[in-house]
Amino acid sequence: MPTPEPSPHIILVGLPGAGKSAAGALLARRLARPFVDFDVEIERRTGSSVAGIFRDRGEAAFRALEMELTRELAASGGMILAPGGGWITTPGALALLRPPGRLIYLRASPDVALMRMGRSLAQRPLLRAADPLAELRGLLAARERAYLLADHVLDVDVLDLQQVAVELARLAEG
């Protein structure tokens, strides 16, 4: 009997603070699927924090590490993936996973994303600025066209984490 094909990856994209990591972990538990947070996996592999990689090697080196991980994941399926907010802007990254991967954009306003980051804002290299809200607005302006390539858009501003996970499960199964 042939081995069934794994389910396609579910790929969560959106601004930093949109809830990709937290909601992705809940979704993975709910669907009994493996979860890969790109930042955590890259930190594990390199022994360095994302902020350290940006500081010591630059954003291009970090994006290359994301791309290497994406290539590896393209050979499998069935996972919940939470790449960094800028992953989608790397040429060719999305094409490696989609199709068959399903892309879901967790749409958060910059104001809400900033509030949700709380203390973790200090670990976000692209937001280390005098005005992180202005930086987030700039990131959204630069990335939203790519985020809107998603199969589904989930507005998360007024949803708590559990509600986001429930809605993601509904979208993933539908």
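Residues numbered from 1 in each chain as written. Predicted model: local features only at pLDDT ≥ 70, side-chain atom pairs only at ≥ 80, totals over all residues. Heavy atoms only, no water.

### A short note on the pairing of strand S1 (residues 10–13)
Burial along S1 is two-sided: the face carrying Ile10 and Leu12 and the face carrying Ile11 and Val13 are both buried. Bridge count between S1 and strand S3 (residues 80–82): two bridges; the pairing is parallel. Bridge pairing in S3 links Ile11 to Leu81. Across four bridges, the pairing between S1 and strand S4 (residues 102–107) is parallel. For Ile10, the partnering residue across the bridge sits in S4 and is Arg102. (Buried < 20%, exposed > 50% of the residue type's maximum accessible area, 1.4 Å probe, protein only. Helix = DSSP H or I, 4+ residues; strand = E, 2+ residues; numbered from the N terminus. Pairing = 2+ DSSP bridges.)

### Quick notes on the packing of helix H6 (residues 110–117) against helix H7 (residues 132–147)
Contact pair H6 / H7: the axes reach a minimum separation of 9 Å and the direction vectors enclose 125 degrees. For the element pair H6 / H7, the angle class is oblique. With respect to the hand of their crossing, H6 and H7 are arranged in right-handed fashion. Taken together, the residues of H7 that come into contact with H6 (itself represented by Pro110, Asp111, Ala113, Leu114 and Met117) are Pro132, Leu133, Leu136, Arg137 and Leu140. (Axes fitted to C-alpha atoms, helices over the stretch in contact; angles between N-to-C directions. Parallel < 35°, antiparallel > 145°, perpendicular 65-115°, else oblique. Left-handed = near helix turned anticlockwise from the far one by under 90°. Contact = heavy atoms within 4.5 Å.)

### Here we look at the nonpolar core
By size, the foremost hydrophobic cluster in this structure holds 50 residues, and its most contacted members are Trp87 and Leu168. In this structure, Leu168 is in contact with Leu12, Ala23, Leu27, Ile104, Leu106 and Leu154, ignoring residues within four places of it in sequence. (Core = buried A, V, L, I, M, F, W, Y, C linked by side-chain atoms within 4.5 Å.)

### Let's talk about the packing of helix H2 (residues 38–46) against helix H3 (residues 50–57)
Relative to each other, H2 and H3 sit at 65 degrees, their axes nearing to 9 Å. Of H3, the residues touching H2 (which contributes Asp39, Ile42, Glu43 and Thr46) are Val50, Ile53 and Arg57.

### Focus: the packing of aromatic side chains
Evaluated as defined, the whole model comprises three aromatic pairs. Centre to centre, the rings of Phe54 and Phe62 are 5.2 Å apart; their planes meet at 40 degrees, and the pair counts as tilted. Take Phe62: its relative accessible area is 2%, and that puts it in the buried class. (Phe/Tyr/Trp six-rings, centres within 6.5 Å; stacked < 30°, edge-to-face > 60°.)

### A closer look at the side chain of Arg33
Mapped onto the elements, Arg33 comes out in the loop between helix H1 (20–31) and strand S2 (35–37). In this structure, Arg33 is buried with no salt-bridge partner, the nearest side chain bearing the opposite charge being Glu173 at 7.6 Å. Among the polar contacts listed, one links the side chain of Arg33 to the backbone oxygen of Gly78, at a separation of 2.9 Å. With residues near it in sequence (within four places) discarded, Arg33 still touches Ser7, Pro8, His9, Ile10, Ala28, Gly78, Met79 and Ile80. (Lys, Arg positive; Asp, Glu negative; His and termini not counted. Salt bridge = Lys/Arg side-chain N within 4 Å of Asp/Glu carboxyl O. Polar contact = N/O pair within 3.5 Å; in protein donor to acceptor, adjacent residues only side chain to side chain.)

### Looking at the environment of Ala93
Summarising the element assignment, Ala93 is placed in helix H5 (residues 93–97). Given the relative accessible area of 0%, Ala93 is considered buried. Not counting chain neighbours up to four residues away, the residues in contact with Ala93 comprise Met67, Thr70 and Trp87.

### A closer look at the pattern of salt bridges
This structure, assessed with the given rule, holds ten salt bridges. The partner of Arg45 in a salt bridge is Glu41, and the shortest N-O contact between them spans 2.7 Å. Of this pair, Arg45 and Glu41 both sit in helix H2, four residues apart, roughly one helical turn. Arg45 is the salt-bridge partner of Glu72, the closest N and O atoms lying 2.7 Å from each other. A residue pair is termed long-range when its members are at least 10 positions apart, and Glu72 in helix H4 (residues 59–74) and Arg45 in helix H2 qualify at 27 residues. Look at Glu72 and you get partly exposed, because its relative accessible area is 40%. Here the salt bridges share partners, and the residues they tie into one network are Glu41, Arg44, Arg45 and Glu72.

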